[in-house]
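Structural overview
Below, each chain spelled out in residue letters.
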Amino acid sequence: MSDLKGALIGCGFFAVNQMHGWRDAEGARIVAICDRDPERLKAVGDAFGIQRRYTSAEDLFADGGFDFVDIATTAGSHRALVEMAARHGIATICQKPIAPTMEDAKAMVSACAKSGVPFMVHENFRWQSPIRAVKTAIDSGAIGDVFWGRVSFRSGYDVFSGQPYLATGKRFIIEDLGIHALDVARYIFGDATAVTARTRRVNPAIAGEDVATMLLDHDGGITSIVDCSYATRLPVEPFPETLIEVDGSEGTLRLTQGYRLAVHSKGGTALTNVEPPVLSWASPPWHNIQESVALIQQHWVETLQSGREPDTSGRDNLQTFALVEASYLSAAESRTVSLAEVLG
């Protein structure tokens with residue numbers, strides 16, 4: 001089977017990781033790139049040997065010659081680009097958050113469905129190997145029936161130096177980081193039915209919230225807490241680790257700092273080091289994120305080859321984005337918000 005040909009739109013901060021992942025992917029390669037900034041376009045094109053370079057997405061699609069597009073731009077441009085890809089019949093990956101509004105997100109999913117093209121959101125946190133190890137342990141039945149959990153990302157890391165635009169938006173931590181943690185909660189505990197959220201801005205130099213705590217009600221009666229902070233100073237900086245706690249009827253599970261997984265049950269406690277590998281192009285402490293990029297991209301290739309729906313399809317991601325929207329509404333109005341209210 002010949003390699004699938006892809007195009008990348010957006011050559012910014014995070015897209016470099018995606019280009020590395022595509023270079024390593026089995027069954028796919030990037031043949032064209034697009035960015036409105038000629039300097040970024042040149043830097044990425046030269047680094048990865050991509051000759052086809054465009055400053056216009058319209059020109060990129062007009063020339064064609066690729067099977068899928070990876071949209072690595074900011075959320076405000078997503079709907080127009082996804083709908084453009086759908087009109088051209090091109091399978092599409094879109095960076096998170098899927099869109100600025102639920103109306104846009106639904107329109108994007110609908111456009112791809114009507115055109116019959118696969119659509120996946122690059123929701124990569126659930127592809128981190130430590131998080132996959134947590135899911136595997138739970139599914140094995142080692143701790144019995146799960147009734148409570150926590151997904152936590154607390155850090156004092158300066159994310160604004162590499163991505164200064166994050167300091168300017170009225171929405172920050174839930175939309176940028178919490179969306180990942182909320183998706184992990186869905187992946188581990190199942191879909192949520194309601195959320196109660198509280199937010200706070202601790203850093204006076206930013207416009208949005210940098211602390212958020214969310215209480216989720218899940219199908220099947222599981223309760224989870226999702227908490228995120230970029231204002232937490234710790235003696236050993238955990239960035240960018242996601243820590244997880246799970247209680248079950250027969251035991252407990254803890255993914256703690258340093259990628260230590262402890263599964264405690266009647267038979268004792270099993271301790272495992274689940275630190276991700278450092279890929280040839282990766283660098284700690286980013287290696288867990290970088291590995292997850294490569295893994296979700298390989299998943300995309302496999303789904304295109306097999307014709308099945310990606311795990312983080314646009315349709316599925318509406319549930320994650322609804323949690324983001326419900327969390328902001330809950331925090332603004334100090335009440336519990338059902339997912340049905342947001343999804344409509």
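The paragraphs below set out a description of the structure included in this document. It should be emphasised that the depicted structure is a prediction, and the values quoted were computed from it without experimental measurement.

Bringing the pattern of salt bridges into the picture now. On inspection of all chains with the given rule, the structure shows 23 salt bridges. Residue Arg-126 is joined to Asp-183 by a salt bridge in which the shortest nitrogen-to-oxygen separation is 2.7 Å. Of this pair, Arg-126 sits in the loop between strand S6 (119-122) and helix H6 (129-139) while Asp-183 is found in helix H7 (residues 173-189), placing the two residues 57 residues apart along the sequence. Assigned by exposure class, Arg-126 and Asp-183 land together as buried. A salt bridge links Glu-250 to Lys-266; its shortest N-O distance comes to 3.1 Å. Of the two residues, Glu-250 sits in the loop between strand S11 (243-248) and strand S12 (251-256) while Lys-266 sits in the loop between strand S13 (260-265) and strand S14 (268-273), which places them 16 residues apart along the sequence. Judged by its relative accessible area of 75%, Lys-266 is exposed. Taken together, the shared-partner salt bridges in this structure form one network comprising Arg-150, Arg-154, Asp-227, Glu-245, Asp-247 and Arg-254.

Let's shift gears to the sheet that holds S14. With respect to topology, nine strands assemble into an open sheet ordered S14-S13-S12-S11-S7-S10-S9-S8-S15, the strand pairing being mixed. Each of the sheet's edge strands pairs with one partner strand only, and the pair in question is S14 and strand S15 (337-338). By the bridge criterion, two bridges tie strand S8 (residues 192-200) to S15 in an arrangement that is antiparallel. Paired with Val-195 across the strands is Val-337, a residue of S15. Contacts between H6 and the sheet are confined to strand S7 (146-154), S11, S12 and S13, with S12 contributing the most and set at about 175° to the helix. Most of the contacts of helix H9 (residues 314-333) go to S8, to which it runs at about 50°, and overall it touches S8, strand S9 (211-218) and S15.

Along helix H2 (residues 38-48), the positions that sit buried rather than exposed are Leu-41, Val-44, Gly-45 and Phe-48. Summarising the axial view, the buried residues of H2 lie within an arc of 100°, below the 170-degree limit, and thus occupy one face. What points out from H2, more than 90 degrees from its buried face, is the exposed set Glu-39 and Ala-47. Capping the start of H2, Asp-37 holds a side-chain oxygen 2.9 Å from the backbone nitrogen of Glu-39, two or three residues further along. Two residues or fewer past H2, Gly-49 is found with a positive phi of approximately 65°.

This brings us to the packing of helix H4 (residues 78-87) against helix H5 (residues 102-115). Two numbers describe how H4 lies on H5: the axes approach to 9 Å, and their chain directions differ by 10°. In terms of axis orientation, H4 runs roughly parallel to H5. Here His-78, Arg-79, Val-82, Glu-83, Ala-86 and Arg-87 of H4 lie close against H5, whose contacting residues are Glu-103, Asp-104, Ala-107, Met-108, Ala-111, Cys-112 and Ser-115. Taken together, the residues of the contact of H4 with H5 break down into six nonpolar, two polar and five charged.

Time to look at the packing of aromatic side chains. Using the criterion set out here, one finds 12 aromatic pairs in the structure. A centroid spacing of 6.3 Å and a plane angle of 75° characterise the contact between Phe-68 and Trp-300, whose relative ring orientation is edge-to-face. Of this pair, Phe-68 sits in strand S4 (residues 68-71) while Trp-300 is found in helix H8 (residues 287-306), placing the two residues 232 residues apart along the sequence. Each member of the pair, Phe-68 as well as Trp-300, is classed as buried. When the centroid spacing of 6.0 Å and the interplanar angle of 70° are considered together, the rings of Phe-153 and Tyr-230 count as edge-to-face. Here Phe-153, found in strand S7, pairs with Tyr-230, found in the loop between strand S10 (223-229) and S11; they are 77 residues apart in sequence, far enough to count as distant. The residues Phe-153 and Tyr-230 share a single accessibility class, namely buried. Among the aromatic residues, those joined into a ring-pair cluster are Phe-13, Phe-125, Phe-153, Tyr-157, Phe-160, Phe-172, Tyr-230, Phe-239 and Trp-286. When the ring centre of Trp-127 is taken as origin, the NZ or CZ atom of Arg-132, which lies over that ring, is 3.8 Å away.

Rules used in this analysis
- Residues numbered from 1 in each chain as written.
- Predicted model: local features only at pLDDT ≥ 70, side-chain atom pairs only at ≥ 80, totals over all residues.
- Heavy atoms only, no water.
- Salt bridge = Lys/Arg side-chain N within 4 Å of Asp/Glu carboxyl O.
- Helix = DSSP H or I, 4+ residues; strand = E, 2+ residues; numbered from the N terminus.
- Buried < 20%, exposed > 50% of the residue type's maximum accessible area, 1.4 Å probe, protein only.
- Pairing = 2+ DSSP bridges.
- Contact = heavy atoms within 4.5 Å.
- Axes fitted to C-alpha atoms, helices over the stretch in contact; angles between N-to-C directions.
- Arc of directions from axis to C-beta.
- Polar contact = N/O pair within 3.5 Å; in protein donor to acceptor, adjacent residues only side chain to side chain.
- Parallel < 35°, antiparallel > 145°, perpendicular 65-115°, else oblique.
- Nonpolar A, V, L, I, M, F, W, Y, C, P; charged D, E, K, R; others polar.
- Phe/Tyr/Trp six-rings, centres within 6.5 Å; stacked < 30°, edge-to-face > 60°.
- Lys NZ or Arg CZ within 6 Å of the ring centre and 35° of its normal.

Purely geometric stuff here, so don't read any function into it on its own.
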